[in-house]
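# Structure assessment
Residue strings, one per chain:
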Amino acid sequence: MSFKKLTTTCVPLSIENIDTDQVIPARFLKSISREGFGENLFRDWRYLPGDVPNPEFALNDQRFKGQILVAGKDFGCGSSREHAAWALADYGFKVFVSSFFADIFKGNALNNNLLPIQVKEEFLQKLFTIIEANPNIEAVVDLENQTFEVAAAGLKTSFDINPYKKTCLLNGYDDIDFILSKTKAIVQFEKSMVTA
């Protein structure tokens, strides 16, 4: 699925050093299919003993909805499990904003058509304040121009992304799709080598 621009509200999770075992606990890694992991996203934080929803956890707070997860510094640290990206996607998130991402998590997110946006810590803290004050405020992610903006609050920043991954996201490509998109050029190159 291609990604160009997203306008949505945000879910704040102002916890630092969220590791992938909190994103999706190891006991739920019993499937190689990408579906079904969302129901156990942040399982140990979302539920109290007896599978009672924890009313103090952001994903259970009815004020917060949306496809952008705003997380504290060092999101996705710990093990390299790709299931963390699967769980976040299956729950419905498309974008993650933090002041730092673990490299392997960032790669897994991009490989699954999810966009991690790294911002300065000061920007992140302002964003948390804005969302808490007005949970219905919308953010706009413009991938083509590489900007993240909350216009109603006068908050805007640019973000970096690997050009190859940007192309893949804009077109909804995985690595194989990208290679297939170059078939014509590959065939022409092969013909030129035969005649050379």
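The notes below deal with the structure included here. (Residues numbered from 1 in each chain as written. Predicted model: local features only at pLDDT ≥ 70, side-chain atom pairs only at ≥ 80, totals over all residues. Heavy atoms only, no water.)

## Observations regarding the packing of aromatic side chains
In this structure the tally under the stated criterion is 11 aromatic pairs. Taking 6.1 Å as the distance between ring centres and 40° as the angle between the ring planes, the aromatic pair formed by Phe-75 and Phe-96 counts as tilted. Of the two residues, Phe-75 sits in the loop between β5 (68-71) and α3 (83-91) while Phe-96 sits in strand β6 (residues 95-98), which places them 21 residues apart along the sequence. In this structure Phe-96 comes out as buried when scored by relative accessible area, which is 0%. Put simply, the rings of Phe-75, Phe-96, Phe-101 and Phe-105 pair up and form one aromatic cluster. (Phe/Tyr/Trp six-rings, centres within 6.5 Å; stacked < 30°, edge-to-face > 60°. Helix = DSSP H or I, 4+ residues; strand = E, 2+ residues; numbered from the N terminus. Buried < 20%, exposed > 50% of the residue type's maximum accessible area, 1.4 Å probe, protein only.)

## A look at the pairing of strand β10 (residues 155-158)
Looking at chain direction, strand β9 (residues 147-150) and β10 are connected through 4 bridges and run antiparallel. Note that in β10 the partner of Glu-149 across the bridge is Lys-156. Hairpin connection from β9 to β10: 4 residues lie between these consecutive antiparallel strands, with Gly-154 at a positive phi of about 65°. (Pairing = 2+ DSSP bridges.)

## Considerations on the side chain of Thr-147
Mapped onto the secondary structure, Thr-147 falls in strand β9. Note on Thr-147: relative accessible area 16%, which makes it buried. Ignoring any residue separated from it by four or fewer positions in sequence, one finds Thr-147 in contact with Val-140, Val-141, Asp-142, Lys-156, Thr-157, Ser-158 and Phe-159. (Contact = heavy atoms within 4.5 Å.)

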